[in-house]
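Summary of structural features
So you can see what is in the structure, the chains are spelled out below.
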Amino acid sequence: MIRLLRTALPCFAVAIATAADSSASPAPLSLRPPEYLMLGSAVLDVGDYAVPAVIDWNRDGRKDLIVGYRPADKIALLLNIGTVANPYLAYAGNLQAGGFDIMVAGGSGCGAPAPWVGDFDDDGDLDLLVGSAPDGAVILFRNASTNNTPVLSNGVRLALWNGDPLTVSTYATPCFADWDGDAIPDLICGAGDGTVFFFKNIGSAKSPLFSAGLRLFADGKQLSLGSRAVPRLCDWDGDGLTDLVASSSTGVYWCRNYGTRKSPSLAKPAPVTVPISSGQIVPVNTSNRMRMDLADWDGDGLPDLFLGNTEGTICWFQSYRFAVTMLRRSTDGQTVIRWNSSPYLSYSIITGPSATTCKDVAATGLSSGGTVTSWTNRFIRSQQFFRVHTP
């Protein structure tokens with residue numbers, strides 16, 4: 001059996017022993033270097049200021065892509081005609097409501113329509129929320145048809161319980177998910193000033209009703225990510241609690257929930273990082289107008305990161321959890337260790353007779369094998385424990 005003892009990122013460290021340890025917990029998500037989403041053989045380019053949402057729009061089991069863009073101020077639909085593991089996008093026009101292309105004016109700035117897709121009214125089909133840039137409103141387009149062939153009704157601006165307009169002032173970027181653990185989805189919405197609002201659903205799953213918005217706090221103070229925040233909820237570290245992951249014009253950040261499911265408490269924003277060709281691990285930053293989404297693009301059960309960019313392109317960062325996938329000692333005296341890895345990283349292995357005495361360097365400068373890296377060495381009896389880590 002294997003015992004895993006992990007340190008915090010960015011060390012990517014793991015200790016392995018031949019005894020079981022029930023206290024082992026999943027590692028936080030790590031990212032592999034980005035790839036541009038493609039349309040055929042060319043890099044996908046929707047126009048300017050792409051705002052992506054990844055969802056199985058036609059419920060065929062494959063993730064599709066929905067993108068708000070400028071200067072048309074419309075929302076493009078790209079259907080996945082490939083497979084779950086190997087998506088292939090085909091342009092399918094702009095999303096429509098009431099028979100016409102949806103258009104949410106972005107004003108004079110860089111505010112493309114900000115889509116979010118999900119079941120807003122608990123009727124089993126997909127609806128569309130769109131954040132507006134000039135006034136910070138959120139517009140609901142209900143699905144009046146079925147899952148396989150969504151037909152959207154004309155948009156209605158969301159309001160608070162008392163009828164007042166629901167707004168975050170500018171650059172609204174909505175998502176709809178249960179924030180406070182009461183099994184009723186709430187509205188979480190980023191704003192142009194880099195803050196994130198929580199509009200509690202005081203109605204029901206079928207008939208949402210929102211209280212006045214409260215700005216989220218992190219590390220004991222009001223969360224502010226710089227400008228143009230885009231929030232998503234995700235259990236980033238696999239501890240069973242909902243964390244906040246958000247992009248802004250300066251980067252992508254993870255706020256770990258160290259509270260409870262019903263009473264979240266967010267830690268200080270930690271930059272989400274990625275390895276680059278030099279072997280360094282640096283904060284994610286693809287443009288000065290990044291807009292993010294999280295979704296499982298490759299069917300491995302983990303949420304991947306998508307970033308829409310200033311020039312209308314979209315980058316996909318494949319996620320993985322650093323973990324040992326194999327530990328074997330063969331009859332010929334060889335020790336084989338295999339772990340999830342990333343291109344551009346190198347690894348070292350330190351051994352010892354116990355988890356606290358791993359001091360002997362067994363290997364250094366091991367080049368990544370890509371998504372999986374292996375190391376084989378002749379077994380030495382004192383090598384009962386191993387640590388695999390990056391510099």
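Scroll up to find the structure.
What counts, and where the lines are drawn
Residues numbered from 1 in each chain as written. Predicted model: local features only at pLDDT ≥ 70, side-chain atom pairs only at ≥ 80, totals over all residues. Heavy atoms only, no water. Buried < 20%, exposed > 50% of the residue type's maximum accessible area, 1.4 Å probe, protein only. Helix = DSSP H or I, 4+ residues; strand = E, 2+ residues; numbered from the N terminus. Pairing = 2+ DSSP bridges. Core = buried A, V, L, I, M, F, W, Y, C linked by side-chain atoms within 4.5 Å. Contact = heavy atoms within 4.5 Å. 1 Å grid on protein atoms, 1.4 Å probe; cavity = no way out; pocket = protein on both sides within 12 Å on 5 of 7 lines; lining within 4 Å. Points joined across faces, edges and corners; volume = space filled by probe spheres on them. Nonpolar A, V, L, I, M, F, W, Y, C, P; charged D, E, K, R; others polar. Salt bridge = Lys/Arg side-chain N within 4 Å of Asp/Glu carboxyl O.

Attention shifts here to the pairing of strand β34 (residues 334-340). Burial analysis of β34 places five of its seven residues in the buried class, which makes it a mostly covered element. As paired strands, strand β33 (residues 324-329) and β34 are joined by five bridges and run antiparallel to one another. Residue V324 lies in a different strand from β34, and its bridge partner there is W339. Counted along the chain from β33 to the antiparallel partner β34, the turn is four residues long, and its residue G333 has a positive phi close to 90 degrees. Inspection of the sheet shows β34 paired to strand β37 (residues 372-378) by seven bridges, in the antiparallel sense. If you follow N340 over to β37, its bridge partner there is V372.

Bringing the sheet that holds strand β4 (residues 35-36) into the picture now. Within the open sheet, the four strands sit side by side as β4-β31-β30-β29. Their pairing is antiparallel. Each end of this open sheet is capped by a strand with a single partner; those strands are β4 and β29 (291-295). Note: β29 against strand β30 (residues 304-308), five bridges, orientation antiparallel. Paired with L294 across the bridge in β30 is L305.

Moving on, we get to the nonpolar core. Grouped together as the largest cluster of nonpolar side chains are 32 residues, with contacts concentrated most on L129, V138, L158, L166, L187, F199 and F210. For this core, the secondary-structure elements that each account for two or more residues are β15 (138-141), β17 (173-177), β18 (186-190), β19 (196-199), β24 (243-247) and β25 (252-255). Among the elements that take part in this core, β19 stands out by supplying four residues, more than any other. Counting 19 residues, the second-largest nonpolar core is a separate cluster that includes V272, M292, L302 and F317.

One can find R232 in strand β23 (residues 230-234). What makes R232 buried here is its relative accessible area of 6%. Apart from the residues lying within four places of it in its own chain, the contact partners of R232 are P52, P115, W116, P174, C175, D243, L244, V245, M292, D293 and L294.

Note that P87 resides in the loop between β9 (74-80) and β10 (89-94). Placed 178 residues apart in sequence, P87 and S265 show a C-alpha to C-alpha distance of 36 Å. Once you skip the residues sitting within four places of it in the chain, P87 turns out to touch N80, G82 and W297.

Within a sheet, each strand pairs with its neighbour through backbone hydrogen bonds, oriented either parallel or antiparallel. Overall, antiparallel pairing links the four strands, which are arranged β17-β18-β19-β20 in an open sheet. Looking at strand neighbours, the two that pair on one side only are β17 and β20 (214-215), the edges of this open sheet. Sheet topology note: the β19/β20 ladder contains two bridges and is antiparallel. Across the sheet, residue F197 finds its bridge partner in β20, namely R215.

The subject of this paragraph is empty space enclosed by the protein. All chains considered together, the criterion is met by three cavities of 30 Å³ or more. Among the residues making up the lining of the largest cavity, the classes are represented as nine nonpolar, four polar and two charged.

What follows is about the pattern of salt bridges. Under the definition given, this model contains twelve salt bridges. A salt bridge links D135 to R157; its shortest N-O distance comes to 2.6 Å. Taken together, the residues span a long stretch of sequence, with D135 in the loop between β14 (127-131) and β15 and R157 in strand β16 (residues 156-157) at a distance of 22 residues. Judged by its relative accessible area of 30%, D135 falls in the partly exposed class. Overall, R157 belongs to the partly exposed group, its relative accessible area being 49%. The partner of K200 in a salt bridge is D180, and the shortest N-O contact between them spans 2.5 Å. A residue pair is termed long-range when its members are at least 10 positions apart, and K200 in the loop between β19 and β20 and D180 in the loop between β17 and β18 qualify at 20 residues. Taken together, the salt bridges that share partners define one network made up of D180, D182 and K200.

This part is about the layout of surface pockets. Taken as a whole, the second largest pocket holds about 330 Å³ of empty space. In this structure, the second largest pocket is lined by 18 residues; those nearest its centre are V54, W116, R232, D293 and L294. Going through the elements one at a time, β7 (48-55), β13 (114-118), β17, β23 and β29 are the ones with two or more residues in the lining of the second largest pocket. Partitioned by chemical class, the residues of the lining of the second largest pocket number 14 nonpolar, no polar and four charged.

A few words now on unusual backbone geometry. Omega for the peptide link from R70 to P71 comes to 5 degrees, which places this bond in the cis form. By secondary structure assignment, the location of P71 is in the loop between β8 (64-70) and β9. Here D73, not a glycine, exhibits a phi torsion of approximately 60 degrees, which is positive. Residue position: D73 is located in the loop between β8 and β9. Although it is not a glycine, S169 sits at a positive phi angle of roughly 85 degrees. Locating S169 in the fold gives a position in the loop between β16 and β17.

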